[in-house]
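Take a look at the letters that make up each chain.
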Amino acid sequence: MSAAAAVSRRYRLTARLSQAWAYAFTGAMVLFSLFPVYWVFATSLKTKRDGLANPPLWIFDPTQANYLKLWSHDTFKFTFLNSIIVTGIGVALSLSIAIPAAYVIVRMKMRGRRFFGAWLILAYMLPEFLFVLPMFSLYQWTGLYDTHAGLALMYQVHVLPLSIWLLSSFFGEIDFAIDEAARMEGATHWQILTKIYVPCSLPGVAATAILNAIWIWNELAIAIGLTFSRAQTVTLGVTSFRGYAALDWGAMTAASIIAIVPMLLFAVVAQKHIVKGLTLGAVKG
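Residues numbered from 1 in each chain as written. Predicted model: local features only at pLDDT ≥ 70, side-chain atom pairs only at ≥ 80, totals over all residues. Heavy atoms only, no water.

Q: Break down empty space enclosed by the protein for me, citing the residues and quoting the values.
A: Picture a little ball the size of a water molecule; that probe, rolled over the atoms, points out where space is still empty. The full count for this structure, using the stated rule, is one cavity of 30 Å³ or more. Approximately 40 Å³ is the volume found for the largest cavity. The residue makeup of the lining of the largest cavity, split by class, is five nonpolar, one polar and one charged. (1 Å grid on protein atoms, 1.4 Å probe; cavity = no way out; pocket = protein on both sides within 12 Å on 5 of 7 lines; lining within 4 Å. Points joined across faces, edges and corners; volume = space filled by probe spheres on them. Nonpolar A, V, L, I, M, F, W, Y, C, P; charged D, E, K, R; others polar.)

Right, dumping it as structure tokens:
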């Protein structure tokens with residue numbers, strides 16, 4: 001065997017070993033990240049005695065009792081419905097504001113765009129409770145405290161900067177010549193936005209809506225500060241199985257699984273829109 005062939009063979013062997021290690025490491029990280037979800041699901045199928053066993057039981061007789069108890073629990077069903085309402089209002093509100101705002105930023109050559117973009121990122125990174133504390137008294141005074149509309153409106157502090165930032169990048173990929181041609185034909189800005197920009201960036205708009213829905217559904221800090229009973233969301237509904245000096249681990253873990261499933265299914269079904277939206281390239285005329 002020649003020296004060149006030996007080097008080539010050694011190189012291929014090294015490449016295969018590196019690839020095998022990469023797959024093994026990725027698989028280990030996936031299993032590590034999914035283990036908490038598995039453990040919550042397994043606990044939701046255990047009886048109270050099995051759930052509190054020490055050491056933990058890996059093999060047990062599964063039961064549906066916790067899930068049956070869950071749907072007979074009025075508070076959890078009420079909070080689940082609240083989350084659907086608040087998420088729908090929040091996503092609709094964020095898109096109705098972010099789409100025109102992103103169009104103005106991208107096509108109107110607004111001054112201070114870089115400063116505005118930095119502000120959007122900063123607002124997105126700030127903790128939620130920073131806004132809840134000063135808004136608590138204002139919400140009580142205006143009657144927005146513990147309402148679906150008030151909660152969805154407060155969520156805009158977080159989701160609106162993200163929506164404007166994402167949609168600005170999507171709209172910026174559209175060929176400006178299309179915009180100019182539409183203006184020469186007499187189209188108004190509203191017509192250009194609704195008939196050109198939104199259809200051409202539909203995957204990006206869908207991805208933005210999906211990301212907003214997932215964040216609103218999972219949010220907890222704002223819901224704790226600005227709700228009491230009427231507008232509590234499903235994340236608070238999960239904690240309703242906590243009593244004085246006692247935790248119903250079976251029902252709480254079952255509630256956690258039920259709370260996860262809608263957004264999980266939503267993300268799986270809309271996965272292609274997320275991928276298309278986040279990898280949206282230039283539009284060719």
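Q: Lay out the layout of surface pockets in plain terms, naming residues and giving numbers.
A: One number sums up the size of the largest pocket: a volume of about 180 Å³. Lining the largest pocket we find 14 residues, and of these Thr47, Lys48, Asp248, Trp249 and Gly250 sit closest to its centre. Put simply, the parts of the chain that give the lining of the largest pocket at least two residues each are helix H2 (48-51), helix H3 (65-71) and helix H13 (249-269). Residue contributions to the lining of the largest pocket peak at three residues, all from H3. Here the lining of the largest pocket is composed, by residue class, of four nonpolar, six polar and four charged. (Helix = DSSP H or I, 4+ residues; strand = E, 2+ residues; numbered from the N terminus.)

Q: Pulling in residues and values, what's your account of unusual backbone geometry?
A: A cis amide bond links Asn54 to the next residue, Pro55, at an omega of 5°. Assignment of secondary structure puts Pro55 in the loop between H2 and H3. Even without a glycine there, the phi angle at Asp146 is positive, about 60°. Relative to the helices and strands, Asp146 resides in the loop between helix H6 (129-142) and helix H7 (148-171).

Q: Explain the confidence of the model for the protein to me, and be specific about the residues and the numbers.
A: Chain-level pLDDT for the protein is 82 on average; 88% of the residues reach the 70-or-more range. Looking across the protein, the model is least confident in helix H14 (residues 271-278), with a mean pLDDT of 62, and most confident in helix H4 (residues 74-107), with 90. With pLDDT under 50 throughout, residues 281-285 is counted as low confidence; its partners more than four residues away or in other chains account for seven contacts. (pLDDT = per-residue confidence, 0-100. Contact = heavy atoms within 4.5 Å.)

Q: Could you give an account of the side chain of Asn66, with specific residues and numbers?
A: Topologically, Asn66 is positioned in helix H3. In this structure Asn66 comes out as buried when scored by relative accessible area, which is 7%. Engagement of the side chain of Asn66 in a polar contact is seen with the backbone oxygen of Ser44, the distance being 2.8 Å. In this structure Asn66 touches Thr43, Ser44, Leu45, Lys46, Gly250, Ala251 and Ala254, once residues within four positions along its chain are discounted. (Buried < 20%, exposed > 50% of the residue type's maximum accessible area, 1.4 Å probe, protein only. Polar contact = N/O pair within 3.5 Å; in protein donor to acceptor, adjacent residues only side chain to side chain.)

Q: How would you sum up the packing of H6 against H7? Please name residues and give values.
A: Interhelical geometry of H6 versus H7 gives an angle of 150° and a closest axis separation of 12 Å. In this structure, the crossing between H6 and H7 has a hand that is right-handed. Mapping the contact onto sequence places Phe131, Val132, Met135 and Tyr139 in H6 and Gly150, Leu151, Leu153, Met154 and Val157 in H7. Taken together, the residues of the contact of H6 with H7 break down into eight nonpolar, one polar and no charged. (Axes fitted to C-alpha atoms, helices over the stretch in contact; angles between N-to-C directions. Left-handed = near helix turned anticlockwise from the far one by under 90°.)

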